[in-house]
Amino acid sequence: MTITKIKKDHLRLIFDRLKDSYKLVGPRVENDVIVLTEMDFHDIPAGYKDLHGKGVYRLSGNKDSNTFSFSLGPDSFKRFLSPPVREIFAFKKSKKGISANVSSKEEKPTAFIGMRACDISALKLYDKVFLEGPVRDTGYDSLKRNSLIIAVNCLYPNGNCFCDSLGTGPEVRDGFDLAITEIQDSFLLETGSSKGSEILNGLTIEEVSDKEMDEKNSRTEDCKKTIKRHIKVNDLPWVIYRNPEHPRWTDVASRCLACGNCTQVCPTCFCNSSYDRLELSGISKKSREISGNKVRAWDSCFSKNFARVHGGNFRPSRRARYRHWMTHKLAYWIEQFGSPGCVGCGRCITWCPVGIDITEELEAIRK
Ligand code: SF4
Ligand code: SF4
């Protein structure tokens, strides 16, 4: 890994270069929220500050002279690598029989701009689920393989971040092609792959002085000190396994709306369902033709139907559903994948409409 720097006003040149080969996806302000979407250099919410609390999000502009002065919005990059709705195959039934086609659209590779350490850690968990299990998800595989990750080191954690407790941030360590750290007068650039180095070819890059390295390290340390939320992980998973009948599960169920927001914003939640969609225009009585497609769509363990099987529902109550969600995140996941299924991004706390806080619930169970 090498580290160099560019002048602040040269960042635009990296974007110009990326645009030749990649679709750019990154942060942009829409309806007073920082979302992830197709964007360009001028869309970076430079100077914006985001305030996060339990069920609270406020964005204010032009408050800071730094470019990457903001933290996270509700979107994570899973939206692009495992889209909310994806066609598996299209089918047609006619007098001649049934045919199925897998469509293969040639898409421009995507450069993900501004990915934070917690979201890179979440993608590593996605790799375990979609690439290292018994069935390889070829759709995810090709989207991920064709992508480029431009990471940004966090310097301004929000009030709900607790990545430091899980060792998933705030500093990016690996899993990126290029990582940017903003210091007073420049952007420091770490290359993490040959694709990352190629982007810098021909640009005016300069050596980093010891003083600038010190500035990078002290900014990272200051960021860690700003993180106010922490969880204890040394007694996981047993603190949860030992308490399946703890009264707190009933308490949290009385507050939880089972809306599933927490699972939709969580960068590691991967549950999905598949179903058939018939095209009305594809139904012809005369020729006895039916056409449609099979799609895979995000689902949630908070949805009532998710655990419905022949003979009943094995998680009929909100208590059972919340307990399952938190137990999977912080206990079963460790047995399944070797680490917790939470990367401490805090999104589920910010975007829960009733402000349920996973760190507070864990602590209550522990007590
Ligand atoms: S459980 Fe909450 S804090 Fe943990 S990764 Fe998911 S959204 Fe982030
Ligand atoms: S914990 Fe909050 S966000 Fe999650 S389902 Fe319950 S009410 Fe919705």
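Reading the values: rules and limits
- Residues numbered from 1 in each chain as written.
- Chains lettered and ligands numbered in written order.
- Predicted model: local features only at pLDDT ≥ 70, side-chain atom pairs only at ≥ 80, totals over all residues.
- Heavy atoms only, no water.
- Helix = DSSP H or I, 4+ residues; strand = E, 2+ residues; numbered from the N terminus.
- Rg over C-alpha atoms; globule rule 2.2 N^0.38 Å.
- Buried < 20%, exposed > 50% of the residue type's maximum accessible area, 1.4 Å probe, protein only.
- Contact = heavy atoms within 4.5 Å.
- Areas by Shrake-Rupley, 256 points an atom, 1.4 Å probe, with all protein chains shown as cover.
- Lys, Arg positive; Asp, Glu negative; His and termini not counted.
- Charge placed at Lys NZ, Arg CZ, Asp CG, Glu CD.
- Near = heavy atom within 4 Å.
- Nonpolar A, V, L, I, M, F, W, Y, C, P; charged D, E, K, R; others polar.
- Pairing = 2+ DSSP bridges.
- Axes fitted to C-alpha atoms, helices over the stretch in contact; angles between N-to-C directions.

A.B. asks: Before we go on, may I ask you to explain the overall build of the protein in this structure?
C.D. replies: Within the protein, the regular secondary structure consists of 13 helices and 15 strands. Relative to its length of 367 residues, the protein is compact, with a C-alpha radius of gyration of 23 Å against a globular reference of 21 Å. Across its three principal axes, the protein shows a C-alpha extent of roughly 70 × 55 × 40 Å. Considering the protein as a whole, with its 367 residues, one finds that 50% of them fall into the buried category. Expressed as a percentage of contacts within the protein between residues at least 6 apart in sequence, the contacts between residues at least 24 apart total 72%. If you sum the accessible surface of the protein, you get close to 18,300 Å²; carbon and sulfur atoms cover 50% of it. Looking at charge distribution, the protein has the averaged site of its 57 positive side-chain charges lying 9 Å from that of its 47 negative ones.

A.B. asks: Explain the site of ligand 1 here, please?
C.D. replies: Every residue close to ligand 1 is listed here: Phe162, Cys266, Pro267, Trp325, Lys329, Cys342, Val343, Gly344, Cys345, Gly346 and Cys348. Considered class by class, the residues forming the shell around ligand 1 number 8 nonpolar, 2 polar and 1 charged.

A.B. asks: Can you help me understand the sheet that holds strand S12 (residues 272-278) in this one?
C.D. replies: Strands in a sheet are paired, the pairing made by backbone hydrogen bonds, and the direction either parallel or antiparallel. Spatially, 4 strands are ordered S7-S6-S13-S12 in an open sheet, and the strand pairing comes out antiparallel. The open sheet is flanked by strand S7 (97-101) and S12, the only strands paired with a single partner. Here the strands of the sheet are splayed against their neighbours by 20° on average, with no regard to which way each runs.

A.B. asks: I tried to follow the sheet that holds strand S8 (residues 110-115) on my own but got confused; where do I start?
C.D. replies: Strand order in this open sheet of 7 strands is S1-S11-S10-S9-S8-S2-S3, and the pairing throughout is mixed. Among the strands making up the open sheet, the edge pair consists of strand S1 (2-7) and strand S3 (33-38). Strand after strand, the sheet turns through a mean of 25° between neighbouring axes, direction not considered. For S8 and strand S9 (residues 148-152), the ladder comprises 4 bridges, and the chain directions are parallel. By the bridge assignment for S9, Phe112 is matched with Ile149. Across the sheet, helix H3 (residues 117-130) is in contact with S8 and S9; its angle to S8 comes to roughly 130°.

The quantities given are spatial measurements derived from coordinates; they are silent on function.
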